[in-house]
Amino acid sequence: MFRDKHIFISRREFLRDSAWAAAAAAFAAAFQERIEAKQKSPTAQAQAAPSAAAPDPQSARHLPPVRIGFIGTGTQGQTLLQRLVRVPGVRVVAVCDIYPPHLSRGIQMAGAQATSYRDYRRLLERKDVDAVIIATPLYLHAQMAIDALQAGKHVFCEKMMAYSIEEARRMVQVSRETGKHLQIGHQRRYNPIYAHAREMVTEQDVIGKMVHVRAWWHRNSSWKRPVRDKQYEELLNWRLYSKYSQGLMAELASHQIDVVNWFTGKLPVSVMGMGGIDYWKDGREVWDNVEVIYEYPDGVKVVYTSILSNQYDGYAEQFMGDKGTLLLTNEKDGYLFREPTAEELGWDAKNKTVGKGGVTGIVLDVTATKRRGTGAVIGGQKMAAGYERKDAYELELESFVHDVVRNGQKPLCDAEVGFQATVTILMANKAIAEGTKVTFTPEMFQV
Ligand SMILES: NC(=O)c1ccc[n+]([C@@H]2O[C@H](COP(=O)([O-])OP(=O)(O)OC[C@H]3O[C@@H](n4cnc5c(N)ncnc54)[C@H](O)[C@@H]3O)[C@@H](O)[C@H]2O)c1
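Definitions and cut-offs
Residues numbered from 1 in each chain as written. Predicted model: local features only at pLDDT ≥ 70, side-chain atom pairs only at ≥ 80, totals over all residues. Heavy atoms only, no water. Salt bridge = Lys/Arg side-chain N within 4 Å of Asp/Glu carboxyl O. Helix = DSSP H or I, 4+ residues; strand = E, 2+ residues; numbered from the N terminus. Buried < 20%, exposed > 50% of the residue type's maximum accessible area, 1.4 Å probe, protein only. Axes fitted to C-alpha atoms, helices over the stretch in contact; angles between N-to-C directions. Parallel < 35°, antiparallel > 145°, perpendicular 65-115°, else oblique. Left-handed = near helix turned anticlockwise from the far one by under 90°. Contact = heavy atoms within 4.5 Å. Pairing = 2+ DSSP bridges.

Participant: Honestly, the pattern of salt bridges in this entry has me stumped. Any pointers?
Facilitator: Opposite charge on two side chains lets them pair, provided their charged atoms get close. With the rule as written, the count across this model stands at 26 salt bridges. Of the charged contacts, one joins Glu-343 and Lys-323 as a salt bridge, the two residues approaching to 3.7 Å between their closest N and O atoms. Highlighted residues: Glu-343 in the loop between β13 (333–338) and β14 (353–356) and Lys-323 in the loop between β11 (315–321) and β12 (324–329), separated in sequence by 20 residues. Where Lys-410 meets Asp-414, a salt bridge forms, and the shortest distance between an N and an O atom there is 2.2 Å. Classification of Asp-414 by relative accessible area gives buried; the value is 4%. Connected through salt bridges with shared partners, the residues Asp-119, Arg-121, Arg-122 and Glu-125 form a single ionic network.

Participant: Please clarify how the packing of helix α12 (residues 247–264) against helix α15 (residues 415–434) should be interpreted in this entry.
Facilitator: In helix packing, the relevant descriptors are the interaxial angle and the interaxial distance, both defined with respect to the helix axes. Direction vectors running N to C along α12 and α15 enclose 120°, while the axes themselves pass 9 Å from each other. Classified by the angle their axes make, α12 and α15 are oblique. Both α12 and α15 take part in a crossing whose hand is right-handed. Residue-level inspection shows Met-249, Ala-250, Ala-253, Ser-254, Ile-257, Asp-258 and Asn-261 of α12 in contact with α15, the latter providing Val-417, Gln-420, Ala-421, Thr-424, Ile-425, Ala-428 and Asn-429.

Participant: Help me understand the sheet that holds β11, please; the structure alone is not making it clear to me.
Facilitator: The strands making up a sheet associate through hydrogen bonds between their backbones, and the pairing can be parallel or antiparallel. Taken together, 10 strands build an open sheet; the order of strands is β14-β15-β13-β12-β11-β7-β10-β9-β8-β16 and the sheet is mixed. Each edge of the sheet is formed by a strand with only one pairing partner; in this case those strands are β14 and β16 (438–439). Strand direction decides the pairing type here: β11 and β12, joined by five bridges, are antiparallel. Looking across to β12, one finds that Ala-316 is bridged to Thr-329. Contacts from α12 reach β7 (210–218), β9 (289–296), β10 (300–307), β11 and β12, with the element oriented near 20° to β9. Of the strands in this sheet, β8 (270–276), β9 and β16 are in contact with α15, which crosses β8 at around 60°.

Right, here's the structure in full:
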């Protein structure tokens, strides 16, 4: 058992010691208003998208640095750290991990000025840490993020936001109580191609009336890491054990179903599904395949699958309307396939096309796919200009450093977005576990 008793209180103690229920009631009304405001303004987040690229990185070089403490330098931590050190005006002053090889690698990547920690609470005591980035296993997100917010730090926490709905709710509350921002790592929210696609779906009527969505993430791998020293089995393979992990829905689907929440501008009505440990019978406790159907308002059905025994389909999100299909693959490519009966768009002939299954589609390009009829460039272009070589991880970090920490703006993917994604996902897990159809209620999404 790698959980350090001195660092962590148990989940039960954490729940008991916090007066969550009372606080939830107090904040429920206020949050509901904000949810409704977001629902009424489906364009709000996409319009905000260009601000993710608004910082002027060059001018930031001359400002005092934003000082970051980094907690959890495993696979994703290193992916983020590699990009973070390229963001102008950033200094990573502290790095924390409990697995020595990852701590060494983190320090190496952060640079000589960084101090190493095994206990994240010591890192949080430092007054010269402005903000904290958390990339630890799911079950640690809430405790670490709450401690960091209460220590006066802005926080970037990897997805999924938290292991439980109550934890995620508490994270929203503490962010509000402390006035410190909490950004969640659903990087698609910072991806220009997604902002571009969303505008096409929601504002330009490019695919017509959308009633079906499909999304999937298919791999052919065990998801299990080889571990030589057995004392580290649970530390390194935390994803496979239910006390640390919420499985495929949390690790993979949460990104994609968040996109559905974002593109539809709605929250789900009901969910049902199946899952099982049917292929990788290696002692894991979380399902190696999940098949889920959500219903959203106006009859929109969302079919989601994630499997670990066949990679043919790869991963994608596909929005289907009566005029066309918009397909987003591998977090970087977008295609538009028009229905034969759909009217001409006007700009489609000028854009690069691709064939798929005998159908010709338009390759979405944030700098080249023009607004129908007007020739105007849609929102994604501004965001992408000058950022072509940056992926969404780098854009989300840049936004966290410049927009959120330095300029005090609310994150594009804030605690409320992360909370809604968490509720959406964990109710699917509940439906699978209980073999029932779960109906969402407004209260579930209240803080
Ligand atoms: N946004 C994305 O695309 C994306 C991709 C992969 C992973 N993630 C998320 O990032 C998080 C980490 O995933 P990962 O794949 O990097 O896992 P990982 O196991 O590779 O890394 C987690 C790190 O946290 C460290 N850790 C564990 N307990 C700790 C403690 N008490 N104090 C300090 N460090 C501790 C581990 O030693 C390890 O180095 C997860 O929440 C995961 O869902 C996000």
